[in-house]
Amino acid sequence: MKIRAATALAALALRGAVPLLGATSASAIPPTKCNEIAKQMITTKDLTPIRAGYSSTARVITNLGKGYKVRLVQQCVNSKGNLWYFTDAPYSHGWIYSGNLRNG
């Protein structure tokens, strides 16, 4: 039973739904779709959602206002071909859709 539960959690973590103990959701994403980066961008719309995964259906963790600077550490392309960025800052730890950001 414990092995089955651990296997199920690991599968969810690989899809970005549940982070593994001691790991961020960024490290749980398959590396074939993601790249590490180091850049800063600015949000372009009011209530920019920060999500638990790189999908528009992932749970919203928090929202940021327009003009907010975010540090980005990873980028991923989801199954629909959309580019998402991961921010690891304590105030906004999660995924942001690239269409809600601009260089800055």
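Look a little higher up for the structure.
Residues numbered from 1 in each chain as written. Predicted model: local features only at pLDDT ≥ 70, side-chain atom pairs only at ≥ 80, totals over all residues. Heavy atoms only, no water.

**Student:** Explain the side chain of Asn-78 here, please?
**Tutor:** Along the chain, Asn-78 falls in the loop between strand 4 (69-77) and strand 5 (83-87). In terms of polar contacts, Asn-78 uses its side chain to reach the backbone carbonyl oxygen of Tyr-54, at 3.3 Å. If we ignore the near neighbours within four places in the chain, the residues touching Asn-78 are Tyr-54, Ser-55 and Trp-84. (Helix = DSSP H or I, 4+ residues; strand = E, 2+ residues; numbered from the N terminus. Polar contact = N/O pair within 3.5 Å; in protein donor to acceptor, adjacent residues only side chain to side chain. Contact = heavy atoms within 4.5 Å.)

**Student:** Looking at this structure, I do not really get the environment of Thr-62. What am I missing?
**Tutor:** Structurally, the position occupied by Thr-62 is in strand 3 (residues 60-64). The exposure class of Thr-62 is partly exposed, given its relative accessible area of 26%. Linking Thr-62 and Leu-47, residues 15 residues apart in sequence, is a C-alpha distance of 8.6 Å. (Buried < 20%, exposed > 50% of the residue type's maximum accessible area, 1.4 Å probe, protein only.)

**Student:** Just checking my understanding: could you explain the environment of Ile-96 for this structure?
**Tutor:** Examined against the element boundaries, Ile-96 turns out to sit in strand 6 (residues 94-97). As a C-alpha pair, Ile-96 and Trp-84 span 12 residues in sequence and 5.6 Å in three-dimensional space. What Ile-96 contacts, discounting residues up to four positions off in sequence, is Thr-48, Pro-49, Ile-50, Val-70, Trp-84, Tyr-85, Thr-87 and Leu-101.

**Student:** Hey, could you run me through the environment of Lys-69 in this one?
**Tutor:** Here Lys-69 lies in strand 4. In this structure the C-alpha to C-alpha distance between Lys-69 and Thr-43, which are 26 residues apart in sequence, comes to 6.6 Å. Not counting residues within four places of it along the chain, the set of residues in contact with Lys-69 comprises Gln-40, Met-41, Ile-42 and Tyr-91.

**Student:** Teacher, can you tell me more about the nonpolar core here?
**Tutor:** Buried together is how nonpolar side chains tend to be arranged in soluble globular proteins. Counting residues in hydrophobic clusters, the biggest one holds nine residues: Ile-37, Met-41, Ile-50, Leu-64, Val-70, Leu-72, Tyr-85, Ile-96 and Leu-101. Of all elements in the fold, only strand 1 (34-43) and strand 4 reach the threshold of two or more residues within this core. If you look at the next biggest cluster of nonpolar residues, it comprises six residues, including Cys-76, Trp-84, Phe-86 and Trp-95. (Core = buried A, V, L, I, M, F, W, Y, C linked by side-chain atoms within 4.5 Å.)

Shape descriptors only; they carry no functional weight alone.
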